[in-house]
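Overview (structure and organization)
One letter stands for each residue in the lines below.
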Amino acid sequence: MTHDTPRHIAIIMDGNGRWASARGLPRLVGHRAGADAVRRIVEAACELGVKVLTLYAFSWENWDRPAGEIRDLMDLLEEFLVRETPTLHKQAIRLRAIGRLETLPESTRACLARVGAETAAYTHMTLVLALSYGGRQELVDAARRLAEEVRQGRLRPEAIDETRLAQALYAPDLPDPDLLIRTSGEQRLSNFLLWQSSYTELYITPTYWPEFTKASLEDALAAYRQRERRFGRASALARASRG
Ligand code: IPE
Ligand code: IPE
Ligand code: MG
């Protein structure tokens with residue numbers, strides 16, 4: 001069974017540090033090369049007809065990294081947003097962010113808010129940056145929101161079902177990811193989109209993120225098209241043999 005281009009692709013952009021150390025370079029150089037890869041892949045995804053691209057750019061657990069590296073990452077992010085705004089306009093890409101955004105530095109939040117507002121009307125593709133993001137934290141935040149509604153008498157506990165919980169997540173209007181790509185070979189989710197990826201197809205490549213190109217993305221799409229998405233149902237083969 002084959003399908004079309006995934007509507008929503010999520011990427012764990014990993015391996016900037018290892019890419020740099022393999023070249024005897026500081027991690028910052030790896031993160032810079034990673035930002036160049038982001039630019040490339042945003043354009044490529046848009047050209048390939050992807051509707052939503054979610055990039056894991058900074059996890060909740062990444063706050064445990066050295067302060068200098070965190071500062072470098074936030075500076076790079078702001079630099080990226082300023083430099084990429086014309087491309088977002090040109091390609092009609094809407095920018096959004098998910099995560100505990102209130103924990104980001106003030107200047108980063110201002111930058112995100114400005115570019116988000118400027119591009120809010122675009123519908124060609126939505127670029128979602130996961131920042132200060134953790135899947136467990138997102139579920140905790142959703143539980144708190146629902147509990148608050150219950151406390152105010154606006155929600156009955158029995159009325160909480162999958163749909164209601166999903167509505168309390170950071171971006172309830174977006175479809176679940178069809179394909180989740182992780183670069184640099186690690187076979188784990190690292191707290192990314194835990195709720196949303198229950199039936200997402202996983203694609204892991206040994207390629208370090210700074211070396212991930214449009215051709216790499218096309219390879220991932222080709223692999224995705226070969227998958228049979230069953231969502232718990234019987235396989236196509238079993239259904240065919242049953243007649
Ligand atoms: C991904 O690269 C970028 C972030 C997590 C912010 P890493 O910095 O994790 O690179 P490695 O995993 O050490 O190679
Ligand atoms: C996941 O990468 C987070 C991002 C890509 C932003 P990490 O490098 O933080 O994940 P672990 O520590 O290898 O699981
Ligand atoms: Mg890593």
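Our subject is the structure that appears above.
To keep things clear, this report deals only with the structure shown in the data block. Not measured: the values here are computed from a predicted model.

Cut-offs applied
Residues numbered from 1 in each chain as written. Chains lettered and ligands numbered in written order. Predicted model: local features only at pLDDT ≥ 70, side-chain atom pairs only at ≥ 80, totals over all residues. Heavy atoms only, no water. Near = heavy atom within 4 Å. Areas by Shrake-Rupley, 256 points an atom, 1.4 Å probe, with all protein chains shown as cover. 1 Å grid on protein atoms, 1.4 Å probe; cavity = no way out; pocket = protein on both sides within 12 Å on 5 of 7 lines; lining within 4 Å. Sits in = over half its atoms within 2 Å of the grid points. Helix = DSSP H or I, 4+ residues; strand = E, 2+ residues; numbered from the N terminus. Buried < 20%, exposed > 50% of the residue type's maximum accessible area, 1.4 Å probe, protein only. Pairing = 2+ DSSP bridges. Right-handed = clockwise from strand over helix to strand, strands pointing away.

If you check the shell around ligand 1, you find Met-13, Asp-14, Gly-15, Asn-16, Gly-17, Arg-18, Arg-27, His-31, Ala-57, Asn-62, Arg-65 and Leu-73 and nothing else. In isolation ligand 1 has 380 Å² of accessible area, and contact with the protein removes 86% of it. Using a 2 Å cut-off from the grid points, one finds that ligand 1 occupies the largest pocket. Broken down by secondary-structure element, the contributors of at least two residues to the shell around ligand 1 are helix 1 (16-22) and helix 2 (27-47). At three residues, the largest contribution of residues to the shell around ligand 1 is made by helix 1.

Before going further, it helps to spend a moment on the pairing of strand 4 (residues 125-133). Within strand 4, nine of the nine residues are buried, leaving the element largely enclosed by the surrounding structure. Across seven bridges, strand 2 (residues 52-59) lies against strand 4 in parallel orientation. Its bridge partner being in strand 4, Leu-55 is matched across the sheet by Leu-129. Across six bridges, the pairing between strand 3 (residues 93-98) and strand 4 is parallel. Counted as the bridge partner of Ile-93 is Met-125 from strand 4. In the classification by handedness, the crossover that spans strand 3, the intervening helix 4 (residues 106-118) and the parallel strand 4 is left-handed.

Geometric values such as these leave the question of function open.
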